[in-house]
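Chain and residue survey
The chain contents come next:
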Amino acid sequence: MKIYIDGEFFGRDDAKISVFDHGLLYGDGIFEGIRIYNGKAFLLDEHIDRLFRSARAIMLEIGMSKKDLCEAIGETMSLNGRVGSGVTGYIRLVVTRGKGKLGIDPASCLRSSVIIITEDLQLYPEKTYNEGMSLITASVRRNRVDSLDPRIKSLNYLNNIMAKMEAQNSGSPEAVVLNERGFVAECTADNIFIVTAGSVVTPPEQDGALAGITRECVSKTICAALGIEVKERSMTLYDIYTADECFLTGSGAEIVPVVSVDRRVIGDGVPGPVTDSIRKEFSRYTDSF
Ligand code: PXG
């Protein structure tokens, strides 16, 4: 395994970052999780664009052009044998503020650090996809957009981790997360959709959802191919409890059917027909990517 750090490659045990890096000290940095299908980084340009938007929002100078970054990712994939048809995997791209003084002032960090790791992907078990997932609602609310906008994919993930722990403590793999006004934002690390009255609905980014790449792909490509209309609309738990179907999207998770939320059975309590057709079309799309 070869890990890219600032233009050099290191083995797993030698891939190290300074204890003075503000990414470690303060969670000052940004990241992307990218899926590999058929030996190609899936929707790479979209991920790189989101990374640069996150960087812009936190005034982080990445120090590499989008093209150089894509090349570095390509090189890391080749060195790790993640190329060629049928090859799958996952890329973690991290940019930290870099080494600095012990003080939060980012001005003491002279150069950001770029890290690229390729790994196998741990999906939810097959059973979850076939039978659907049961969720709870976390009591932890999503960060407010005027504190730390959840559209920034920052290294500061404690808000998500707190909600994830709450889910796991109650035996659920994921949790619905509400914003401070009680509207559904998304889950801890996945976007959420419902199917209701024949349309597919997902919360707008401004309600605290990440601009998920899989969310976008499902909305713009997959549902368009299926002739299904997708709407962005604020929703409360009532909308989820009374929906015909519900599913989650994420680069790691892909598309996960949800069959109950807070012990309310969704629809018939089994993965629904619209979710099934979206899953099939998504799988066809990624197979041919
Ligand atoms: N919301 C949040 C908060 C995320 O972190 C998604 C939605 C899905 O977005 P994409 O672009 O992947 O469709 C994410 C990303 C993990 C893990 O280990 C998952 C994510 C990020 C970091 C870690 O499960 N999902």
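The structure this text deals with has already been given above.
Note that this is a predicted model, so its numbers are computed, not measured. Counting from 1, residues in each chain are numbered in the order their sequence is written. Per-residue local features are limited, in this predicted model, to residues with pLDDT of at least 70; the limit for side-chain atom pairs, both in listing and counting, is 80 or more; totals at the level of whole chains, interfaces and linings are taken over all residues. Only hydrogens and water are set aside; all other atoms, that is, all heavy atoms of the structure, feed into the side-chain values.

So, about the packing of helix α2 (residues 44-57) against helix α3 (residues 66-79). Every angle, taken between N-to-C directions, lies between 0 and 180 degrees, and every axis is a line fitted to C-alpha atoms, over only the stretch in contact when it is a helix. In this description a helix means any DSSP run of H or I spanning at least four residues, a strand means any run of E spanning at least two, and both kinds are numbered starting from the N terminus. Between α2 and α3, the least distance of the axes is 11 Å, while the angle of their chain directions is 125°. In terms of their interaxial angle, α2 and α3 are classed as oblique. Both α2 and α3 take part in a crossing whose hand is right-handed. Where α2 abuts α3, its residues Leu-44, Asp-45, Ile-48, Asp-49, Leu-51 and Phe-52 lie against Lys-66, Leu-69, Cys-70 and Ile-73. Orientation labels follow simple angle bins: below 35 degrees gives roughly parallel, above 145 gives roughly antiparallel, 65 to 115 gives roughly perpendicular, and whatever is left gives oblique. The sense of a crossing depends on the near helix, which, turned anticlockwise from the far helix by less than a right angle, makes the crossing left-handed and, turned clockwise, makes it right-handed. Pairs of residues are marked as contacts when any of their non-hydrogen atoms sit within 4.5 Å.

Attention now goes to the sheet that holds strand β2 (residues 8-11). The antiparallel open sheet is built from 6 strands, whose spatial order is β2-β1-β6-β5-β3-β4. Of all strands in the sheet, those bounded by a partner on one side alone are β2 and β4 (40-41). Along the sheet, α3 makes contact with β1 (2-5), β2, β3 (29-37), β4, β5 (89-96) and β6 (113-119), crossing β6 at roughly 35°. Paired strands, in this sense, are two strands between which DSSP finds at least two bridges.

Another point: a nonpolar patch on the surface. Candidate patch residues must exceed 30% relative accessible area and have no salt bridge, after which like charges are joined if within 9 Å and Val, Leu, Ile, Met, Phe, Trp or Tyr side chains if within 5 Å. Areas reported here follow the Shrake-Rupley algorithm with a probe of radius 1.4 Å; residue values treat only the protein chains shown as occluding. By convention in these notes, a salt bridge is any Lys or Arg side-chain nitrogen within 4 Å of a carboxyl oxygen on Asp or Glu. Together, Val-19, Phe-20, Leu-24, Leu-25, Tyr-26, Leu-102 and Ile-104 line one region of the surface with nonpolar side chains, adding up to about 710 Å² of accessible area. Among the secondary structure elements, Phe-20 is positioned in the loop between β2 and α1 (22-26).

Within the structure, the ligand sits among 18 residues, and Tyr-157, Glu-186, Ile-213, Thr-214 and Ser-251 are positioned closest to it. Two N or O atoms count as a polar contact when they lie within 3.5 Å, although within protein this holds only if one can serve as hydrogen donor and the other as acceptor, and sequence-adjacent residues are included solely when both atoms are side-chain atoms. At 3.1 Å from an oxygen atom of the ligand is found a side-chain nitrogen or oxygen belonging to Lys-153. Here the ligand loses 79% of its free accessible area of 550 Å² to cover by the protein chains. In this structure the site holding the ligand corresponds to the largest pocket. Here the residues of the shell around the ligand are counted per class, giving 5 nonpolar, 8 polar and 5 charged. Delimitation of the domains relies on an automatic or database domain assignment. When residues of the shell around the ligand are assigned to domains, at least three map to each of domain 1 (2-119) and domain 2 (126-287). Distances are taken per atom, and a residue is near a molecule or strand as soon as one of its heavy atoms is within 4 Å of it. Computed over the protein atoms alone on a 1 Å grid, cavities are sets of points where a 1.4 Å probe fits but cannot get out and pockets are open sets with protein on both sides within 12 Å along at least five of seven lines; a residue lines them when it has an atom within 4 Å of a point. More than half of a molecule's atoms within 2 Å of the grid points is what it takes for that molecule to sit in a cavity or pocket. Note on residue classes: Ala, Val, Leu, Ile, Met, Phe, Trp, Tyr, Cys and Pro are nonpolar, Asp, Glu, Lys and Arg are charged, and everything else, Gly too, is polar.

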